[in-house]
Amino acid sequence: MTMATTRRRTQGLALMLAVLLSATSLVAQAPQRIISLVPNLTESLFSMGAGPQVVAVSSFDREPEAVRTLPRVGALLDPDVERILSLRPDLVITYGSQVELKAQLARTGIAAFDYRHGGLTDALTTLRALGVRTGHAREAEALARRLEQQIAATRARVAGRPRPRTLLVFGREPGSLRNIYAVGGTGFLHDMLEAAGGRNVLADVTQESVQVTTETILARAPEVILEIRGGTDPSRADARPDTSPWQALASVPAVKQGRLVVLSGSWLTVPGPRVGDAIARFSTALHP
Amino acid sequence: MMVRQRLPLVLAVSSLATLATIVWAPTVGSTPISLARVFDPAIDWASNVDAQIFFVARLPRVLAGALVGAALAAAGVVLQALLRNPLATPFTLGVSSGAALGAMLATAFHLEATLLGISAVPLASFTGAMLATAIVYGLAASQRRGLSTNVLLLAGVTLNAFFSALILFVQYFADMTDALRAVRWLMGDLDVGTLAPLAGALPLLLLAAAAMAVLPRALNLLTMGDEVAASRGVDVHRAQRLAFLSASLATGAAVSLGGPVGFIGIIVPHLVRLIVGADHRLVLPASTLLGAAFLVLCDVVARTLLAPVEVPVGIITAVIGGPFFLWLLVRHA
Amino acid sequence: MLQAADVSFRYRPGAPLVLEGISLEVRPGEVVGLLGPNGSGKTSLLRLLSGVRTPTAGVVRLDGQVMSDLSRRAVARKVAVVPQGVDLAFDYTALDLVLMGRHPHLGLFTVEGPADYAHARAALAATGTSALEDRLFRTLSGGEQQRVIIAAALAQQPQVLLLDEPTTALDLGAQLHLAALLLRLNKEHGVTLVISTHDLHLAASVCHRLVLLRQGRIIGSGPVREMLTPGHLRAVFDVDATVLPNDAAGALTIIPTGRHAS
């Protein structure tokens with residue numbers, strides 16, 4: 001018997017064991033005290049009916065309304081471990097990069113649900129996995145189906161239409177063309193843009209976010225510039241957007257044809273239960 | 001050769017080198033453009049992509065690089081003479097972290113006011129730079145016996161640590177994207193978009209240049225120490241005040257334009273001294289001119305190396321400047 | 001020419017006085033020695049006489065005018081200082097350094113012309129450093145540096161040269177060289193000299209008149225032969241010494257014989 005097959009067999013055994021174990025623990029008891037450090041998953045938890053199980057959230061959580069009264073236990077960079085432990089959770093939703101926190105949780109026997117940022121399909125996979133893990137598999141499945149249908153409907157609406165070459169901007173210094181951050185050719189927002197019937201002018205850049213120079217924008221000549229203004233303060237997000245600095249780039253088709261669209265609201269960039277709405281919003285901007 | 005004969009020669013050579021760089025730089029970039037199309041009056045402006053890349057994307061950026069490079073190199077020369085320390089730079093004194101704190105606060109509080117075409121972030125960083133200089137100068141002046149080098153350098157180190165802590169504190173509470181934006185600003189960014197920010201910084205730079213114009217001979221004498229300079233007929237307090245004011249004006253204006261680009265103030269003056277000697281009447285103008293050329297060249301690398309992704313220009317200057325600084329340290333030790 | 005009238009000085013308010021009730025006059029052509037141990041206030045007194053410091057009480061006059069009313073440039077055209085040592089932060093040549101002495105004679109944007117170079121080269125010649133013209137100052141020996149600094153002071157075309165402990169850092173040969181140079185400057189170039197020192201041989205061989213300082217006060221003043229007595233030396237330095245006339249050197253020889261038990 002070769003080493004490789006031995007290893008494969010052991011791995012297979014381990015995997016089977018893990019599946020069995022998690023299945024029994026799931027059947028045995030769904031977590032009743034969940035702490036979520038990932039805001040978009042908090043929102044998903046509430047959408048699938050796991051809201052009553054959530055006992056604490058991260059310092060950046062604002063959605064839905066119900067989280068505003070829950071205790072805060074830090075966030076990605078500064079999780080408050082003492083606070084987390086004192087709340088006696090049976091499941092903590094963590095970021096993939098929070099290695100130390102996960103080690104500490106493991107030592108105290110607290111389960112962790114690992115969130116990894118990815119593309120649009122990853123978001124739906126995560127949603128389903130979260131449902132299974134929290135005992136809301138059916139609700140999560142329904143939610144995911146609804147989102148898939150919503151996305152499919154948007155795709156159908158824009159099918160066959162010319163897909164405008166689009167620059168999706170999510171950061172820019174106010175009143176100027178400095179510090180422009182746009183969506184590159186990978187990740188969740190890029191997938192959303194393509195689903196909404198746009199063609200990302202930065203599709204060839206294998207980064208999630210790109211700082212673009214005015215030269216690149218002039219050279220790529222987008223037909224639509226879609227600008228998302230987010231931030232955490234909803235009142236500020238509604239402030240009148242200023243697109244006048246773009247006029248300096250007169251040869252860009254989007255500027256010539258006045259196709260500078262500003263969408264406000266941080267929810268537009270969250271890979272959570274409102275992603276279907278967000279894609280629909282993008283698509284009405286791109287295909288009015 | 002007498003200084004009278006060397007001065008025109010040094011000025012002519014460095015002006016030519018700088019001018020050539022500034023003329024050449026806008027013709028290169030991530031996108032190939034045709035100069036014939038750029039200057040073809042038959043093509044309508046709104047549809048002349050080449051002309052817009054040249055005049056909108058590249059020219060303001062090259063000019064910003066020239067102004068920032070010139071200002072930082074000149075400020076470096078003045079501060080080195082003032083502190084009698086060839087390792088002093090605008091950034092040894094905590095001015096960069098002062099600027100950084102200003103930028104960070106502006107992004108954290110989403111200040112959107114503009115003044116003279118400069119938007120809030122650079123404006124706040126300029127205020128921070130001036131504040132840091134004022135604190136260092138105030139500390140040194142309170143010593144009554146003039147400006148002690150040790151006090152100044154230590155104050156600079158302390159201020160750097162203090163401002164850095166405040167920056168981390170602000171960053172800790174900032175939004176992810178805002179923090180990212182501020183961090184990016186700290187790496188230096190010359191893509192100004194329009195000429196308006198240049199026009200906003202120009203008055204400050206001209207003021208700094210006027211103050212520096214009367215300084216060079218006094219700077220020569222100040223490098224021998226305050227009392228020797230005074231006994232040779234220098235009004236030491238006036239010269240020191242002018243030097244401090246002009247250096248912080250230049251640094252503040254430069255940081256407001258391009259962020260705290262590091263190491264220009266040490267690389268350029270040292271290379272210039274190797275060529276023309278230590279006389280500040282030659283070193284100051286030559287460093288100012290060649291500082292412009294140096295940063296413009298670094299920025300050409302920054303915008304073409306990984307295009308369309310941009311390398312922050314501060315990283316380019318740091319990659320060159322870091323080892324250079326260490327080499328100087330070893331050489332002086 | 002230089003006159004201090006009942007001058008007291010402290011470096012900052014609240015600090016102890018480093019000079020108290022000092023009155024002295026330096027006449028044209030004189031060589032005056034300020035003799036005293038370390039910490040007696042010699043350097044501080046030179047700072048007042050050169051105008052880089054202003055007395056806390058009393059007044060210093062230059063050619064009858066109150067020193068603190070004069071501009072730095074006006075003072076520097078008449079009074080030049082040779083500091084104990086110069087720590088240069090940058091690499092200047094000997095000629096660069098001497099040319100800096102022309103500062104008080106140049107306008108704001110004037111660059112040195114042939115006349116200024118002539119003055120600088122004359123100063124180098126007078127101090128025997130012409131051959132060092134193009135050498136970097138930092139590469140010179142202590143004695144050579146000292147003479148270049150004196151040349152820079154001479155390039156100011158001063159009437160008075162103030163020297164602060166000029167022999168402290170020099171070896172024996174350089175000390176004799178310097179004493180000869182100072183005598184020549186005084187005799188041939190008519191430069192008035194004020195020398196602070198605790199070097200008894202320099203005081204004996206160069207100075208016409210000595211002012212004895214101790215703890216910020218003048219404890220004696222007069223011609224060299226009257227001041228360099230065992231009694232005065234004991235009062236100034238706390239040492240017992242034998243003083244012998246030395247006709248070969250045209251001066252006195254002082255032999256310290258022991259520390260005075262007080």
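Residues numbered from 1 in each chain as written. Chains lettered and ligands numbered in written order. Predicted model: local features only at pLDDT ≥ 70, side-chain atom pairs only at ≥ 80, totals over all residues. Heavy atoms only, no water.

**Q** Tell me about the overall build of chain A, residues and numbers included.
**A** Within chain A, the secondary structure is distributed over 11 helices and 10 strands. In chain A, buried positions account for 47% of the 288 residues. Accessible surface, chain A: about 13,300 Å² in total, of which carbon and sulfur atoms supply 56%. (Helix = DSSP H or I, 4+ residues; strand = E, 2+ residues; numbered from the N terminus. Buried < 20%, exposed > 50% of the residue type's maximum accessible area, 1.4 Å probe, protein only. Areas by Shrake-Rupley, 256 points an atom, 1.4 Å probe, with all protein chains shown as cover.)

**Q** Which residues make up the interface of chain B and chain C, and what values do they have?
**A** Contacts between the two partners involve 32 residues from chain B, matched on the other side by 37 residues from chain C. When chain B packs against chain C, close to 3,100 Å² is buried across both sides, 57% of that on carbon and sulfur atoms. Sorting the residues of chain B by area buried against chain C places Arg217, Glu227 and Arg232 of chain B first, and these three jointly supply 24% of that buried surface. For the pair chain B and chain C, the number of links is three salt bridges. The residue glutamate 227 of chain B makes a salt bridge to arginine 53 of chain C at a minimum N-O spacing of 3.7 Å. Where the side of chain B that touches chain C is concerned, the elements lending two or more residues are α1 (3-24), α3 (49-82), α9 (216-222), α10 (226-231) and α13 (280-304) of chain B. A per-element tally of the side of chain B that touches chain C places α10 of chain B first, with four residues. (Contact = heavy atoms within 4.5 Å. Buried area = accessible area lost by both parts, 1.4 Å probe. Salt bridge = Lys/Arg side-chain N within 4 Å of Asp/Glu carboxyl O.)

**Q** Quick one: what's the story with the sheet that holds strand β2 (residues 19-26) of chain C, residue by residue and with numbers?
**A** Residues and elements named next belong to chain C. The strand order across the open sheet formed by four strands is β2-β1-β4-β5, and the pairing between neighbours is antiparallel. The open sheet is flanked by β2 and β5 (65-66), the only strands paired with a single partner. Note: strand β4 (residues 57-62) against β5, two bridges, orientation antiparallel. Looking at β5, one finds that arginine 61 is bridged to valine 66. (Pairing = 2+ DSSP bridges.)

**Q** Pulling in residues and values, what's your account of the arrangement of the chains?
**A** Contact analysis covers two pairs of chains in contact, and the most contacts occur between chains B and C. You won't find any contact between chain A and chain C; their C-alpha atoms come no closer than 40 Å.

**Q** Can you explain empty space enclosed by the protein? Please cite residues and give values.
**A** Any empty space left between the atoms is revealed when a probe the size of a water molecule rolls over them. Residue and element names in this part refer to chain A. The tally for this structure, following the rule as stated, stands at six cavities of 30 Å³ or more. If you add up the space inside the largest cavity, you get close to 80 Å³. In terms of lining residues, the largest cavity is bounded by 14 residues, among which Ala123, Leu124, Leu127, Pro271 and Gly272 are the most central. Only α2 (39-47) and α5 (120-134) provide two or more residues apiece to the lining of the largest cavity. Take the lining of the largest cavity: its biggest share by element is five residues, from α5. Tallied by class, residues from the lining of the largest cavity come to 10 nonpolar, four polar and no charged. (1 Å grid on protein atoms, 1.4 Å probe; cavity = no way out; pocket = protein on both sides within 12 Å on 5 of 7 lines; lining within 4 Å. Points joined across faces, edges and corners; volume = space filled by probe spheres on them. Nonpolar A, V, L, I, M, F, W, Y, C, P; charged D, E, K, R; others polar.)

**Q** So what's going on with the packing of aromatic side chains? Which residues, and what values?
**A** All names here are of chain B. Under the counting rule described, the total for this entry stands at 10 aromatic pairs over all chains. A ring pair is formed by phenylalanine 54 and phenylalanine 55, whose centres lie 5.0 Å apart and whose planes are at 75 degrees; its orientation type is edge-to-face. Exposure remark for phenylalanine 55: the relative accessible area of 32% places this residue in the partly exposed category. Through pairs of rings, three or more aromatic residues link up here, namely Phe39, Trp45, Phe54 and Phe55. (Phe/Tyr/Trp six-rings, centres within 6.5 Å; stacked < 30°, edge-to-face > 60°.)

**Q** Please give an account of the nonpolar core that cites residues and values.
**A** Membership of the largest hydrophobic core comes to 137 residues, with the highest contact counts inside it found for Val98, Ile150, Leu161, Leu182, Ile195, Leu210 and Leu228 of chain C. No other element matches α3 of chain B, which puts 12 residues into this core. Contacts of valine 98 of chain C, omitting those with residues within four sequence positions, involve Ala120, Ala123, Leu124, Val148, Ala151, Ala152 and Ala155 of chain C. Grouped together as the second largest cluster of nonpolar side chains are 43 residues, Leu41, Val57, Val67 and Ala278 of chain A included. (Core = buried A, V, L, I, M, F, W, Y, C linked by side-chain atoms within 4.5 Å.)

**Q** Help me get a handle on the packing of helix α12 (residues 264-276) of chain B against α13 of chain B, residues and values and all.
**A** A pair of packed helices can be characterised by two numbers: the angle between their axes and the separation between those axes. Residues and elements named next belong to chain B. Closest axis-to-axis distance for the α12/α13 pair is 9 Å, and the angle between their directions is 125 degrees. By the angle between their axes, α12 is oblique relative to α13. Remark: the crossing between α12 and α13 carries right-handed chirality. Of the residues in α13, those in contact with Ile264, Ile267, Val268, Pro269, Val272, Arg273 and Val276 of α12 are Leu282, Val283, Ala286, Ser287, Leu290, Gly291, Phe294 and Leu295. Among the residues forming the contact of α12 with α13, the class breakdown is 12 nonpolar, two polar and one charged. (Axes fitted to C-alpha atoms, helices over the stretch in contact; angles between N-to-C directions. Parallel < 35°, antiparallel > 145°, perpendicular 65-115°, else oblique. Left-handed = near helix turned anticlockwise from the far one by under 90°.)

**Q** Can you tell me about a nonpolar patch on the surface, naming the residues and giving the values?
**A** Residues Leu35, Phe39, Trp45 and Phe55 of chain B make up a contiguous nonpolar surface patch of about 400 Å² in total accessible area. Summarising the element assignment, phenylalanine 39 of chain B is placed in the loop between α2 (35-38) and α3. (Patch = residues over 30% accessible without salt bridge, like charges linked within 9 Å, V, L, I, M, F, W, Y side chains within 5 Å.)

**Q** Can you lay out the packing of α3 of chain B against α12 of chain B for me, pointing to particular residues and giving the numbers?
**A** Residue and element names in this part refer to chain B. Contact geometry for α3 and α12: axes closest at 8 Å, N-to-C directions at 70 degrees. Between α3 and α12, the crossing angle belongs to the class labelled roughly perpendicular. Touching Gly69, Leu72, Ala73, Gly76, Val77 and Gln80 of α3 are Ile264, Gly265, Ile266, Val268, Pro269, His270 and Arg273, all from α12. A class-by-class count of the residues in the contact of α3 with α12 yields seven nonpolar, five polar and one charged.

**Q** Give a detailed account of the sheet that holds strand β4 (residues 111-115) of chain A, specifying residues and quantitative values.
**A** Residues and elements named next belong to chain A. A sheet is described by the order of its strands in space; here four strands give the open sequence β2-β1-β3-β4, paired in parallel fashion. Each edge of the open sheet is held by one strand with a lone partner, namely β2 (54-57) and β4. Strand-to-strand twist in this sheet, taken as the mean axis angle between neighbours without regard to direction, amounts to 25 degrees. By the bridge criterion, three bridges tie strand β1 (residues 34-36) to β2 in an arrangement that is parallel. Each bridged residue has a counterpart across the sheet, and for isoleucine 34 the counterpart in β2 is valine 54. Here α2 sits on the sheet in contact with β1, β2, β3 (91-95) and β4, set at roughly 140 degrees to β1. Strands in contact with α5 are β1, β3 and β4; relative to β4, the strand with the most contacts, it is inclined by about 170 degrees.

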